[in-house]
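# Remarks on the overall topology
As a plain string of letters, each chain reads:
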Amino acid sequence: MSQSTNVLGEFLRARRELVTPQQAGIPDTGVRRVPGLRREEVAMLAGISADYYLRLERGRDRNPSVQVLQSIARVLQLDEAHLAHLLTLVAPISRQRKRRPRKETVPPGALKLLDSLVQPAFIEGRYFDILASNRAARALSPGLTAGGNQLRDMFLNPAEQALHPEWETVTECFVANLRQAVGSDIDDPRFIELTGELCLASPRFAQLWARHEVRGQRGTPIQLNHPQVGEMTLNRERLAINGAEGLMLVVYHPDAGSSDADKLALLESAALPTSDPEPATSKPS
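The text that follows walks through the structure, step by step, so that each part is easy to find. No experiment lies behind these values; they were computed from the predicted model shown. (Residues numbered from 1 in each chain as written. Predicted model: local features only at pLDDT ≥ 70, side-chain atom pairs only at ≥ 80, totals over all residues. Heavy atoms only, no water.)

Here the focus is the overall build of the protein chain. Across its full length, the protein chain holds 15 helices and 5 strands. Taking all 285 residues of the protein chain together, 46% fall into the buried category. When the accessible area of the protein chain is evaluated, it comes to approximately 15,100 Å², of which 53% is carbon and sulfur surface. (Helix = DSSP H or I, 4+ residues; strand = E, 2+ residues; numbered from the N terminus. Buried < 20%, exposed > 50% of the residue type's maximum accessible area, 1.4 Å probe, protein only. Areas by Shrake-Rupley, 256 points an atom, 1.4 Å probe, with all protein chains shown as cover.)

What follows is the structure in structure tokens.
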């Protein structure tokens, strides 16, 4: 899928369509062909000319001042995360200098830490690729096997969707976090491939992607409905890995002494007899 170079205009238009006249404190007059505010209404409320705002949305002016962007952000009711994202879209930094290496490599120390954890844990890349995982994580979900991709599974794999009772909320979080992680660096081939595939294959992803929501994932409780042990709530922590930009160590852990802890222990014990995959030279048992 080809990516538009007018990332600023796309963001402004998407966020403008999410603000109603009532929310902006102005009368709702006339027939609106699209939801949300009109361009001239945003310009009026932001204190800039309608022609200048039109140039911004159409990509004809890509160097607005911070003051102008802050005024527009106020009208569009952007929070701090969305304002920070907006500022990155016009930051005068060469994308070639910003580009991250294509290959994401997990540091050896992080792999040792991962293997030492008894809780389900895995290491994810910038685009939610599973780069490594421990046995407990694979017992929790086969989708957490190295080589998988959480975004693809979350939107295209019915088994993974069934694991998450709050699937709609979880998918919103994933897509908003992807927006934040990518920023204006949309030339990355991996980004183009993944978002293009999902926009074509998943109407839900295409709908969320068009909203331009920006939000970081934080530590939060996650509800799961596991086919073997039933419903449980686990705490999810995402920890940055020093020296490996964009890589995160994700750990799921239950509240101590809870029934969720018992269910997780049962699930993990059931997986113990199954050893990790043997080298290709070994004969199958």
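Our next topic: helix 13 (residues 189-201). The end-to-end C-alpha distance of helix 13, which contains 13 residues, comes to 18 Å, matching closely the 18 Å that a straight helix rising 1.5 Å per residue would cover. Residues of helix 13 that are buried: Arg190, Phe191, Leu194, Thr195, Gly196 and Leu198. Along its buried surface, helix 13 packs onto helix 10 (150-156), helix 12 (167-182) and helix 14 (203-211). (Expected span 1.5 Å × (residues − 1). Contact = heavy atoms within 4.5 Å.)

What follows covers empty space enclosed by the protein. Evaluated as defined, the whole model comprises 2 cavities of 30 Å³ or more. Lining the largest cavity are 16 residues; nearest its centre among them are Leu144, Gln150, Glu160, His164 and Tyr252. Elements supplying a minimum of two residues to the lining of the largest cavity: helix 10, helix 11 (158-163), helix 12 and strand 3 (220-226). If you tally residues by element for the lining of the largest cavity, the top one is helix 10, at 3 residues. For the lining of the largest cavity, the class distribution of residues is 9 nonpolar, 4 polar and 3 charged. Its boundaries defined by the atoms lining it, the second largest cavity holds a volume of some 30 Å³. Phe122, Glu124, Gln150, Phe174, Gln217, Arg236, Arg238, Val250 and Tyr252 are the residues that line the second largest cavity. Those elements that provide at least two residues to the lining of the second largest cavity are strand 1 (121-124), strand 4 (230-240) and strand 5 (248-253). Taken together, the residues of the lining of the second largest cavity break down into 4 nonpolar, 2 polar and 3 charged. (1 Å grid on protein atoms, 1.4 Å probe; cavity = no way out; pocket = protein on both sides within 12 Å on 5 of 7 lines; lining within 4 Å. Points joined across faces, edges and corners; volume = space filled by probe spheres on them. Nonpolar A, V, L, I, M, F, W, Y, C, P; charged D, E, K, R; others polar.)

Before going further, it helps to examine the sheet that holds strand 1. In space, the 5 strands of this open sheet follow the order 2-1-5-4-3, with antiparallel pairing throughout. Looking along the sheet, the strands with just one partner apiece sit at the ends: strand 2 (130-133) and strand 3. Here the strands of the sheet are splayed against their neighbours by 30° on average, with no regard to which way each runs. Strand direction decides the pairing type here: strand 4 and strand 5, joined by 6 bridges, are antiparallel. (Pairing = 2+ DSSP bridges. Axes fitted to C-alpha atoms, helices over the stretch in contact; angles between N-to-C directions.)

Bringing the side chain of Arg15 into the picture now. With respect to the secondary-structure elements, Arg15 resides in helix 1 (residues 7-16). Residue classification places Arg15 among the buried residues on the basis of a relative accessible area of 9%. Contact partners of Arg15, with chain neighbours within four places excluded, come to Leu76, Leu78, His82, Arg211, His212 and Glu213.

Here we come to the packing of helix 3 (residues 39-46) against helix 5 (residues 66-75). Put simply, helix 3 and helix 5 touch, their axes get as near as 9 Å, and they point 115° apart. The chirality of how helix 3 crosses helix 5 is right-handed. In this structure, helix 3 contributes Val42, Leu45 and Ala46 to the contact, and helix 5 contributes Ser71, Ile72, Arg74 and Val75. Residue composition of the contact of helix 3 with helix 5, by class: 5 nonpolar, 1 polar and 1 charged. (Left-handed = near helix turned anticlockwise from the far one by under 90°.)

Another point: the pattern of salt bridges. Counted according to the given criterion, the structure contains 13 salt bridges. Between Arg238 and Glu124 there is a salt bridge; the shortest N-O distance is 2.4 Å. Pair noted here: Arg238 is in strand 4 and Glu124 is in strand 1, with a separation of 114 residues, a long-range link. The pair formed by Arg238 and Glu124 is uniform in burial state, with each residue classed as buried. In this structure, Glu197 engages Arg152 in a salt bridge whose closest nitrogen and oxygen atoms are separated by 2.8 Å. On the criterion of sequence distance, the pair formed by Glu197 in helix 13 and Arg152 in helix 10 is long-range, its members being 45 residues apart. According to the relative accessible area criterion, Arg152 is partly exposed, its value standing at 25%. Among the charged side chains, a network of salt bridges with common partners joins Asp28, Arg32, Arg38 and Glu41. (Salt bridge = Lys/Arg side-chain N within 4 Å of Asp/Glu carboxyl O.)

It is worth spelling out the packing of aromatic side chains at this point. Throughout the structure, instances matching the rule amount to 7 aromatic pairs. Aromatic ring contacts, followed pair by pair, group Tyr127, Phe155, Trp167, Phe191, Phe205 and Trp209 into a single cluster. Above the plane of the ring of Trp209 lies Arg179, whose end atom (NZ or CZ) is 3.6 Å from the centre. (Phe/Tyr/Trp six-rings, centres within 6.5 Å; stacked < 30°, edge-to-face > 60°. Lys NZ or Arg CZ within 6 Å of the ring centre and 35° of its normal.)

Neither face of strand 1 is exposed, since Ala121 and Ile123 on one face and Phe122 and Glu124 on the opposite face are all buried. Across 4 bridges, strand 1 lies against strand 5 in antiparallel orientation. In the strand pairing of strand 5, Phe122 is matched with Val250. For strand 1 and strand 2, the ladder comprises 3 bridges, and the chain directions are antiparallel. When the bridges of strand 2 are listed, Phe122 appears paired with Ser133. Two successive antiparallel strands, strand 1 and strand 2, enclose a turn made up of 5 residues, where Phe128 displays a positive phi of approximately 65°.

Worth remembering: the numbers are spatial, not functional.
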